Amino acid sequence: MTFSAPVPFLLLESSGRRFPLAAGSSWAIGRGDGCTVMLDSRSVSRLHALIQRRETGDLSLVDLGSRNGSFVNGKRVSFPVTIQDTDKLVFGDQQLLFRNPERNAGVLAASELGLRNEPTTAMHTNSLATIMVVDIRDFTPLARSLPEAQLAQTIGTFFLRSGQILQRLGSWAQKYIGDAVMAVWVHDQPGNVGAEVLRVLQAVKEINLATAEVSQMLALPAPLRIGAGVSTGLAILGGTDNTALGDAVNTAFRLETATKGLGLGLAVGDRVYAELSPAMRTAFLRRKVTLKGYEDIKECWAISFDGLSRNLP
């Protein structure tokens, strides 16, 4: 006997139209062509918001710097927020009801039917991948000084610009976590790793430039600054939510944190450094760092964003 859980969906309350959130791990909301949830209202931005599936299976809502904001149960979305069954979502003047019957159905299947839900996409172990983590520096004090609407527009615009860059440069998946972005590049052909690592570094460079543009465009009281960590190694990849797990992921997050103490914008791990040309390696500084969760002192290579821009081919 096979159990098939219903998929989550958004219900447009004014018309009763349903928007299934089925295939994939993210769904765009807006009035522009290509949006999964296309809303015909001038109060809705062309690319207004994004619903994203997390590793836990929960769905989260990310506002993408929309003009009129996104709201969950009357509260404006500033950072990614998990949405629950029967939550009311508002985009401009459009109100939708979020339904997630698969959660209840999954519990029923496991407890009463004794069935085990299988993911629609298999997990793959020992996949070679490069993980990039970018985080906004000192965002908490800045956020405290901003009106809620400006805060939501700032983080949403940062996510939107970052996501556009990452998709153009071949990222397999992107995750938005608080005020940070994680992206994954999968290396299916070992001979192409070097070229693909350069695309990752190009993404870091462009996100840094886009961050400065966001600061100017929104007239923030202090400029946005970012830090970035990049690690290449084996990871567990796959699942319905494009999960990435493993040492390469942990290392990328720890390297990003290490840049705060190093006073430099980007830190990379051993394998990333090894894939660079000899000329480009000379631009990186060798540093010893203590990474949270690792007993031994680690070696990394770091560079300023100005140095990165000057040395990328």
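Residues numbered from 1 in each chain as written. Predicted model: local features only at pLDDT ≥ 70, side-chain atom pairs only at ≥ 80, totals over all residues. Heavy atoms only, no water.

A.B. asks: Where do I start with the sheet that holds strand β3 (residues 26-30) in this structure?
C.D. replies: Across a sheet, strands are paired by hydrogen bonds formed along the backbone, either parallel or antiparallel in direction. Taken in spatial order, the five strands line up as β4-β3-β5-β6-β9 in an open sheet, and their pairing is mixed. The sheet is open, and its two edges are formed by β4 (37-38) and β9 (81-83), each paired on a single side. Here β3 pairs with strand β5 (residues 49-53) via four bridges, running antiparallel. When the sheet's bridge partners are listed, Trp27 is paired in β5 with Ile51. (Pairing = 2+ DSSP bridges. Helix = DSSP H or I, 4+ residues; strand = E, 2+ residues; numbered from the N terminus.)

A.B. asks: Please clarify how the pattern of salt bridges should be interpreted in this entry.
C.D. replies: Note on pairing: side chains with opposite charge can pair once their charged atoms come close. For the structure on display, the rule yields eleven salt bridges. Between Glu206 and Arg168 there is a salt bridge; the shortest N-O distance is 2.3 Å. Within this pair, whereas Glu206 is found in helix α4 (residues 193-217), its partner Arg168 is found in helix α3 (residues 148-168), the two being separated by 38 residues in sequence. Two residues, Glu299 and Arg286, come together in a salt bridge whose shortest N-O distance is 2.2 Å. Taken together, the residues Glu299 in strand β19 (residues 298-303) and Arg286 in strand β18 (residues 285-289) connect sequence positions 13 residues apart. Judged by its relative accessible area of 24%, Glu299 falls in the partly exposed class. A relative accessible area of 55% means that Arg286 is categorised as exposed. (Salt bridge = Lys/Arg side-chain N within 4 Å of Asp/Glu carboxyl O. Buried < 20%, exposed > 50% of the residue type's maximum accessible area, 1.4 Å probe, protein only.)

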